[in-house]
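Results of the structural survey
Each chain is listed here by its residues.
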Amino acid sequence: MAEPASAPLEAERDRLLTALRHLRRSQRELAEALRDAPDDADFKDAISENEQVIAKYVKTVAELNAAIGKAGGKVVLEVLGAADAERGAAAGADAAGADPAGDG
């Protein structure tokens, strides 16, 4: 049986979701370390950099989900946090050319 057209997209999305889980864990650990060393510039920089990467990955996951949905594949949003899912849905709708509410 041939591989579904969405399979490479799903693999990339799944890779990014795994990376997001690791980044979020890292953020929790960095935040905890920052509480113990509130003036540590390295911790602050790492948290800021991670936030930027997380936002980028969430947007990319949403775009991949839009493409996967168009290809008939399985869209996965439950792994994203509530705020991420909202941003991701909006980004995915933008990528798909529709509005986030699904009204058009």
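It should be noted that the structure appears before, not after, this text.
These figures come from a predicted structure and were not determined experimentally. (Residues numbered from 1 in each chain as written. Predicted model: local features only at pLDDT ≥ 70, side-chain atom pairs only at ≥ 80, totals over all residues. Heavy atoms only, no water.)

A separate point is the pattern of salt bridges. Side-chain pairs of opposite charge can arise where the charged atoms are in close proximity. All chains considered together, the criterion is met by four salt bridges. Close ionic contact of Glu12 with Arg15 constitutes a salt bridge, the shortest N to O distance being 2.7 Å. Taken together, the residues span about one helical turn, with Glu12 and Arg15 both in helix α1 (residues 7-36) at a distance of three residues. Judged by its relative accessible area of 29%, Glu12 falls in the partly exposed class. Given the relative accessible area of 45%, Arg15 is considered partly exposed. With its nearest N and O atoms 3.0 Å apart, the salt bridge here joins Arg13 to Asp14. (Salt bridge = Lys/Arg side-chain N within 4 Å of Asp/Glu carboxyl O. Helix = DSSP H or I, 4+ residues; strand = E, 2+ residues; numbered from the N terminus. Buried < 20%, exposed > 50% of the residue type's maximum accessible area, 1.4 Å probe, protein only.)

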